[in-house]
Amino acid sequence: HRLDQSTGSSQSKTRWSWLPPTGRAGTSKMHVFEKAAGLARGLIKQGTDLVAGEESFVVHLCNGTDQVLSVNNTPVTSGKCDSGFTTLQPGEAAPVYFQGDGGYDAAMECSVGKARLLLGASSVKLTGKKSFAVKIVEDSKQSSTDFLKNLPRVFFASAADAPNRAASSTYAAVCTCADNGTFASDVDLRFGSDDAESSPASVIVLIASVEELPGVSGHQDRASLGPHFSLGSMDSMKQMTYAQRVQDTEPGLLGNAVFLAEMAAMSRALAHASACDRAFAFDLLAEGFLVTGEGALGSAAGATLKPNVERWRSSRPPTVQYGNYAQLDDARLQDRIKSTTSLLWAAVLVATRALKRVSASDLPEEGATSKEPSLPPKDPSAAELAHNSDVLSEHLNRIKAMVSSEKDVPTCDIPELVKTCIEKSANHSMRRAVVYSQMMSTLASDAAACGALKRFHEWMASERREYSTPASGDSPSVCFHAYSTGLFANIDGGVATSPERLLRSLGEASPPYKTMATNSKSGEFFFFSADRRFLIKTITDHEAKVLHGMLPAYQDHLHTLPRSFIVRYAGLFHVQVQGGISKFFTVMVSTFDPTCQIHETYDVKGSLHNRKKKEGESIGKDQDWYDSGRRLQLPDKLCRELLAVHELDAAFLMRFHVMDYSLLIGVHRLQAEK
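Sequence order as written defines residue numbering, which begins from 1 separately in each chain. Residues qualify for local features only when their pLDDT is at least 70, as the model is predicted, and side-chain atom pairs are given and counted only at 80 or more; totals for whole chains, interfaces and linings, by contrast, use all residues. Note that water and hydrogens are dropped before the side-chain values are worked out from all heavy atoms of the structure.

## Thoughts on empty space enclosed by the protein
It is a probe the size of a water molecule, rolled over the atoms, that shows where empty space is left. Here a cavity is any set of points on a 1 Å grid over the protein atoms alone where a 1.4 Å probe fits but cannot get out, and a pocket is any open set with protein on both sides within 12 Å along at least 5 of 7 lines; a residue lines the site when it has an atom within 4 Å of a point. Grid points are joined across faces, edges and corners, and a volume is the space filled by probe spheres set on the points. According to the stated counting rule, one finds six cavities of 30 Å³ or more in the structure shown. Space inside the largest cavity adds up to approximately 90 Å³. Lining of the largest cavity is provided by 14 residues; of these, S425, S429, T485, L502 and A570 occupy positions nearest its centre. Of all the elements in the fold, those that place two or more residues in the lining of the largest cavity are helix 12 (413-442), helix 14 (485-489), helix 15 (499-506) and strand 20 (569-577). Considering every element that reaches the lining of the largest cavity, the biggest residue donor is helix 12, with four residues. Within the lining of the largest cavity, the residues separate by chemical class into eight nonpolar, six polar and no charged. Each helix is a run of H or I in the DSSP string that is no shorter than four residues. Each strand is a run of E no shorter than two, and both are numbered from the N terminus. Throughout, the ten residues Ala, Val, Leu, Ile, Met, Phe, Trp, Tyr, Cys and Pro are labelled nonpolar, Asp, Glu, Lys and Arg are labelled charged, and all others, Gly among them, are labelled polar.

Structure, rendered in structure tokens:
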């Protein structure tokens, strides 16, 4: 017999296990049996995870008609179909949720005028495939049950075959109407993943008159709602070009164009975000554009949206601050999301109608860009600065990374793609800042609205901008994604991470990057900007997902704790080459002042176990720090402050299950001490 005894939090627990008294051979057999049983349990759990667990999908239904849209009957469903409304007034919007344990199979029927609107969705968790269809009929022959039975097994077409899928993660999928019908539906699929085989994360269905939707009536002119409703499918640079066109022709409508662009960027980024992050982001957008003062969309829009705004106000937290949302339970967060998305999609419809006067066609590929010259070299010498880069590279190469499943790509391809991506992103950010300045100038007399818009511009943590370069000759098309550009631009007040700073150090006109030695196990690449201000590191998809999920809390942490030791990121990007590589990369601000040479460096974790540098390594560890007799000699007040900051940093990282971190200490010897 073997007795294992462990102490729990409140009482002693005893666990008995049987070992055969036959010596080593019996023990060996038992180990085999235990391993087999463990493997079986793992396979059962894996199978259970594949077929069970909550599956959900959301459809945002927007009533763009001049009549009331009503739910006709109880949904036909295996799983759950929650519409949350019985009627939608003209101009209103509401989400429809399809949910089920292991999948769902549901259809619902609505009516508007004489037309019947049928919505159906199906999902099986085991296969990972989802399907959705919408149909407008003006007869009573087809029931919801029959419609559900004949539901196509794909999203009209597979995601991989979607038009412009490589260049955009949003596209207008289909436009349907009954024969000689009055109303039609325009459907946008919104993808939350860069995987070309993925299913859409959500669907937006616009119901409007046939005359207002292209693809049905043949109208493609200024009177059509469709092109404006689908502004979210545009390249982010084109969105800014359209906003500038609105400013030149109808300046009073500028807020409408910018709101549609921001809604699209936010929807892309939040597809797989936590409920806390989604609730906070949606409320921040609503506060910035719709509910403060007259709002950026104007007084007419405010009057139209008044019922939605009143419902929104009745349940929101006292102030839209990230810490308030982190304290809410999941049920309250979901209520916030439902309330706010209804308001936001109703506002999308209002903005779309207002912008019908300004054509969204014939936009140039990109607006004017402004390339900044590269920075002149500064003292000390380039050789001394290169030493700093080598030190940081050695430090990063020792960090354990997940093994990449992708084949290695020649490093010569990566820097040019990175430069193009940063060039596009920085130029877009500068153009966006100009547009916001114009809007705030217009709202100067409304201090509350102006302040809310400024706060949104600086605090929008969840966004994904999309840029593309078309195929040319032998060169394939490339899609670039930039995440949370506003957040990164305003870290530490933008002193080190502004788009202008990124352009000078990392843009297309900057000097060539310095390529660093890489960790062969991770398959990732390191580059330094020529001025040593920024480090570029390619990362795995998993690492990118973790970092992106941390960003709203990361922003809140740095604003609350400006002296935090956590590294300052300046960007998170993704590059997708058609038929080629797909890579995420981050841009980090150099840990050390690039104008000072670092003479000694220590990587400290707070443990002496196996923490001594090996022969040939330049970075000391805890044992080396201890043996050298070095200490951080600080005044008591500063010492207490830094210890408190360090403890709060560790607690923040622990929230996201990050445990491989250390404190990097650099020593610069003053000239007078040499």
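Let's pick the thread back up.
## Thoughts on the pattern of salt bridges
A pairing counts as a salt bridge when a side-chain nitrogen of Lys or Arg comes within 4 Å of a carboxyl oxygen of Asp or Glu. Taken as a whole and judged by the stated rule, the model has 23 salt bridges. With a closest N to O distance of 2.9 Å, R116 and E109 form a salt bridge. For the salt bridge of R455 with E287, the shortest nitrogen-to-oxygen distance reads 3.1 Å. Placement of the pair is R455 in helix 13 (residues 447-459) and E287 in helix 6 (residues 275-289), with a sequence separation of 168 residues. Residue classification places E287 among the buried residues on the basis of a relative accessible area of 13%. Relative accessibility under 20% of the residue-type maximum defines a buried residue, over 50% an exposed one, and the middle range a partly exposed one, all with a 1.4 Å probe and only protein chains included.

## Observations concerning the confidence of the model for the chain
Confidence of the prediction at every residue is given by pLDDT, a number between 0 and 100. Per-residue pLDDT for the chain has a mean of 76; in total, 71% of the residues score no lower than 70. Here a residue-residue contact requires only that any non-hydrogen atoms of the pair lie within 4.5 Å. Per-residue pLDDT stays below 50 along residues 48-52; that stretch engages in nine contacts with residues further than four places along the chain or on separate chains. Across residues 215-223 the pLDDT falls below 50, and counting only partners more than four positions away or on other chains, this stretch makes 17 contacts in the model.

## Here we look at the nonpolar core
By nonpolar core we mean a set of buried residues, namely Ala, Val, Leu, Ile, Met, Phe, Trp, Tyr and Cys, connected to one another through side-chain atoms within 4.5 Å. In this structure, F259, F289, L290 and Y554 are the most contacted members of the largest nonpolar core, which totals 96 residues. With 12 residues, helix 10 (residues 330-354) is the largest single contributor of residues to this core. Residues L61, L117, V187 and V203 belong to the second largest nonpolar core, which totals 27 residues.

## Things to note about the packing of aromatic side chains
Any pair of Phe, Tyr and Trp rings, taking the six-membered ring for Trp, is counted once the centres come within 6.5 Å. Such a pair is stacked with planes under 30 degrees apart, edge-to-face with planes over 60 apart, and tilted for the rest. A complete count under the given rule lists 12 aromatic pairs for this structure. On the basis of an interplanar angle of 40° and a centroid distance of 6.1 Å, the ring pair of Y483 and F584 is categorised as tilted. On the criterion of sequence distance, the pair formed by Y483 in strand 16 (residues 478-483) and F584 in strand 21 (residues 582-589) is long-range, its members being 101 residues apart. With respect to burial, Y483 and F584 carry one shared label: buried. Judged by centre distance (5.1 Å) and plane angle (80°), the rings of Y602 and W625 are edge-to-face.

## What to know about the sheet that holds strand 24 (residues 663-667)
Any two strands are treated as partners once DSSP identifies two or more bridges connecting them. In spatial order, the strands read 23-22-24; together these three strands make up an open sheet with mixed pairing. The open sheet terminates on both sides in strands that have one partner only, identified here as strand 23 (619-620) and strand 24. Strand direction decides the pairing type here: strand 22 (residues 600-604) and strand 23, joined by two bridges, are parallel. By the bridge assignment for strand 23, Y602 is matched with G620.

## Focus: the side chain of T497
With respect to the helices and strands, the residue T497 is situated in the loop between helix 14 and helix 15. Polar contacts here mean pairs of N or O atoms no more than 3.5 Å apart (in protein, one a potential hydrogen donor and the other a potential acceptor; neighbouring residues in sequence count only if both atoms are side-chain atoms). Among the polar contacts listed, one links the side chain of T497 to the backbone oxygen of F488, at a separation of 2.6 Å. With residues up to four places along the chain from it excluded, the contact list for T497 reads F488, A489, N490, I491, L502, Y569, A570 and V589.

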